[in-house]
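Structural description and commentary
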Amino acid sequence: MMEEPDLGALARALGDPTRLRMLTLLMEGRALTAKELAYGAGVEPATATAHLQRLTASGFVHPRAQGRHKYFHLASEDVARMMEAMMVVAPSTSDKSSKEKPDAPIRMARFCYDHLAGRLGVRLTEALVSRRVLRAEGDAFSVTPAGEKWLQSFGLDLPALKQGRRKFASQCLDWSERQEHLAGALGAALARKLTEEGWISRHHDSRVVSVTIEGQRALKERLGVSLER
């Protein structure tokens, strides 16, 4: 019989605000040094090192040496999905309920690891489903025959994306919209393409994304996607 997941080990590894803050910082999709994570989490470098050792041993982050520096990144997209799901049930840290700020930049459009989230990510996913590019199947999406043509015409190499070890088109529960958005290799490729086309631009040192004037027009014309409420 399969052994049950060790939820106690999970709780012990994540049961510290500093470690959770570090994982949240890594949700930007960038690799960060221990010093950068220490600064972002508001702790001393020695304290950050101890927390990173725990996160590494638990399999939540991976270190990568480059020159004189060691960079840390999330171990997998599954870790990012776990963090996004935890944010769904976590209380707001602001004095006012986040429900009173539906147009806050991070709720409008952001990166969730390396794919799009927030209102932009959810509405983009909804548009792809309604136009029969994608079909929801359990906890993932499949691409329809017509969708394969559409995505390839958009410049995405679907065979290459499917050959990778990563999940092709998974669903990720969006913490601010409480709906699923597109993740996996396809979600990451789509986010890269929108960035390359100049339709979206990423804020410096942040997960927040802005939709450019050109992007607003193109998303409306090609997919009927708008961020207006």
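These lines cover the structure that appears in this document, whether it is placed above or below. Think of each chain on its own: its residues are numbered from 1, step by step along the sequence as written. For a predicted model such as this one, the threshold for reporting local features is a pLDDT of at least 70, and the threshold for listing and counting side-chain atom pairs is 80 or more; totals across whole chains, interfaces and linings nevertheless cover every residue. Only hydrogens and water are set aside; all other atoms, that is, all heavy atoms of the structure, feed into the side-chain values.

**Describing the packing of aromatic side chains**
Each aromatic pair joins two rings of Phe, Tyr and Trp (for Trp, the six-membered one) with centres within 6.5 Å, and gets the label stacked for planes under 30 degrees apart, edge-to-face for over 60, and tilted for any other angle. A full pass over the atoms with the stated rule returns 2 aromatic pairs. Taking the centre distance of 5.5 Å and the plane angle of 20° together, the rings of Trp-150 and Phe-154 count as stacked. Exposure categories follow from relative accessible area, calculated using a 1.4 Å probe and restricted to protein chains: below 20% of the type maximum is buried, above 50% is exposed, and the middle band is partly exposed. With a relative accessible area of 7%, Phe-154 lands in the buried category. Plain terms: the ring middles of Phe-154 and Trp-199 are 5.6 Å apart, the flat faces sit at 50° to each other, and that makes the pair tilted. With a gap of 45 residues between them, Phe-154 in the loop between helix 8 (145-153) and helix 9 (158-163) and Trp-199 in the loop between helix 10 (184-196) and strand 10 (200-202) connect regions that are remote in the sequence. Of the aromatic side chains, those joined through ring pairs into one cluster are Trp-150, Phe-154 and Trp-199. Its guanidinium or amino end placed over the ring of Phe-168, Lys-162 lies 5.5 Å from that ring's centre, counting from NZ or CZ. Between Arg-202 and the ring centre of Phe-111, over which it is positioned, the NZ or CZ distance is 4.4 Å. Secondary structure follows DSSP: runs of H or I at least 4 residues long count as helices, runs of E at least 2 residues long count as strands, and numbering of each begins at the N terminus. In this analysis the charged atom, NZ for Lys or CZ for Arg, is taken to sit over a ring once it is within 6 Å of the ring centre and within 35 degrees of the ring normal.

**Describing the sheet that holds strand 1 (residues 32-33)**
Strand order in this open sheet of 3 strands is 1-3-2, and the pairing throughout is antiparallel. In this open sheet, the two strands that pair with only one neighbour each are strand 1 and strand 2 (61-66). Strands are labelled as partners when DSSP assigns at least two bridges between them. Note that strand 2 and strand 3 (residues 69-74) share 6 bridges and pair antiparallel. Bridged to His-62 within strand 3 is His-73. Residue contacts are defined here by distance: any two heavy atoms, one from each residue, within 4.5 Å place the two residues in contact. All axes here are fitted lines through C-alpha atoms, helices being fitted over the stretch that makes contact, and every angle between N-to-C directions spans 0 to 180 degrees. The strands touched by helix 4 (residues 45-57) are strand 2 and strand 3; relative to strand 2, the strand with the most contacts, the crossing angle is about 115°.

**Some points on the layout of surface pockets**
Cavity and pocket criteria rest on a 1 Å grid covering protein atoms alone: a 1.4 Å probe that fits but cannot get out defines a cavity, protein on both sides within 12 Å along at least 5 of 7 lines defines an open pocket, and an atom within 4 Å of a point defines a lining residue. Grid points are joined across faces, edges and corners, and a volume is the space filled by probe spheres set on the points. For the second largest pocket, the calculated volume is near 180 Å³. Looking at the second largest pocket, the residues that line it are Leu-120, Val-211, Gln-216, Leu-219, Lys-220, Val-225, Ser-226, Leu-227 and Glu-228. With 3 residues, the single largest contributor to the lining of the second largest pocket is helix 11 (residues 213-223). Broken down by class, the residue content of the lining of the second largest pocket amounts to 5 nonpolar, 2 polar and 2 charged. Under the convention adopted here, Pro, Cys and the residues Ala, Val, Leu, Ile, Met, Phe, Trp and Tyr are nonpolar, Asp, Glu, Lys and Arg are charged, and Gly plus all remaining residues are polar.

**Overview of the pattern of salt bridges**
Each salt bridge in this description consists of a side-chain nitrogen of Lys or Arg and a carboxyl oxygen of Asp or Glu lying within 4 Å of one another. Summed over all chains, the structure comprises 12 salt bridges. Between Arg-207 and Glu-84 there is a salt bridge whose closest N-O contact spans 3.9 Å. On the criterion of sequence distance, the pair formed by Arg-207 in the loop between strand 10 and strand 11 (209-211) and Glu-84 in helix 5 (residues 77-89) is long-range, its members being 123 residues apart. Overall, the relative accessible area of 0% leaves Glu-84 in the buried class.

**Looking at the pairing of strand 6 (residues 134-137)**
With 4 bridges connecting them, strand 6 and strand 7 (residues 140-143) associate as antiparallel partners. By the bridge assignment, Ala-136 is partnered in strand 7 with Phe-141. The turn linking strand 6 back onto strand 7 is made up of 2 residues, and Gly-138 within it adopts a positive phi angle of 65°.

**Comments concerning the nonpolar core**
Counting 35 residues, the largest nonpolar core has Leu-116, Leu-120 and Leu-186 as its most contacted members. At the level of elements, helix 7 (118-130), strand 7, helix 9, helix 10, strand 11 and helix 11 are the ones that each hand at least two residues to this core. Among the elements that take part in this core, helix 10 stands out by supplying 6 residues, more than any other. Not counting chain neighbours up to four residues away, the residues in contact with Leu-186 comprise Leu-134, Val-143, Leu-151, Leu-156, Leu-158, Leu-161, Phe-168 and Ala-169. In this structure, Met-22, Ala-38, Ala-41 and Met-83 belong to the second largest nonpolar core, which totals 30 residues. Only buried Ala, Val, Leu, Ile, Met, Phe, Trp, Tyr and Cys residues count toward a nonpolar core, and they belong to the same one when joined by side-chain atoms within 4.5 Å.

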